[in-house]
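Analysis of the macromolecular model
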Amino acid sequence: MKVVIEILESGVYRDQAWEGTFLSTKGELRAVTPSYAAQLIGQAKAALYLDDHGEMKFA
């Protein structure tokens, strides 16, 4: 399961050690693991994406 986040800071990211890096720009939506989402949110590099009904999106 992955959750959708909105990137707040452009940069190069890596969700899991065995996956390659990915480049994301500010405002981009990305599906990442919940633990990586928590890490990025804690660092103020991303925000949890909520739909129009205020619900989390999963991928």
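Anything mentioned here points back to the structure above.
Computed from a predicted structure; not experimentally measured.

The rules behind these values
Residues numbered from 1 in each chain as written. Predicted model: local features only at pLDDT ≥ 70, side-chain atom pairs only at ≥ 80, totals over all residues. Heavy atoms only, no water. Helix = DSSP H or I, 4+ residues; strand = E, 2+ residues; numbered from the N terminus. Rg over C-alpha atoms; globule rule 2.2 N^0.38 Å. Buried < 20%, exposed > 50% of the residue type's maximum accessible area, 1.4 Å probe, protein only. Contact = heavy atoms within 4.5 Å. Areas by Shrake-Rupley, 256 points an atom, 1.4 Å probe, with all protein chains shown as cover. Lys, Arg positive; Asp, Glu negative; His and termini not counted. Charge placed at Lys NZ, Arg CZ, Asp CG, Glu CD. Pairing = 2+ DSSP bridges. Axes fitted to C-alpha atoms, helices over the stretch in contact; angles between N-to-C directions. Arc of directions from axis to C-beta.

1. Examining the overall build of the protein
The secondary structure content of the protein amounts to 1 helix and 5 strands. Counting helices and strands in the order they occur from the N terminus, the protein gives β-β-β-β-α-β. Taking 10 Å as the expected radius of gyration for a compact globule of 59 residues, we find that the protein reaches 11 Å, a close match to that expectation. In the protein, buried positions account for 27% of the 59 residues. Within the protein, residue pairs in contact and separated by at least 24 positions form 48% of the contacts whose partners lie at least 6 positions apart. Roughly 3,900 Å² of accessible area belongs to the protein as shown, and the carbon and sulfur atoms make up 54% of that amount. Computing the positive centroid from 6 side-chain charges and the negative centroid from 8, the protein places the two 7 Å apart.

2. Some remarks on the sheet that holds strand S5 (residues 46-48)
Strand order in this open sheet of 3 strands is S4-S1-S5, and the pairing throughout is antiparallel. This sheet does not close on itself; its edge strands, each paired only once, are strand S4 (29-32) and S5. This sheet shows a mean twist of 40 degrees between the axes of neighbouring strands, independent of strand direction.

3. Quick notes on helix H1 (residues 34-42)
Where H1 is concerned, the buried positions are Tyr-36, Ala-37 and Leu-40. What you see down the axis of H1 is that its buried residues fit within an arc of 105 degrees, all on one side. Exposed and oriented more than 90 degrees from the buried face of H1 are Ser-35 and Gly-42. Tucked into the core, H1 has its buried residues touching strand S1 (3-7), strand S2 (11-13), strand S3 (22-24), S4 and S5. Within two residues after H1, Ala-44 carries a phi angle of roughly 60 degrees, on the positive side.

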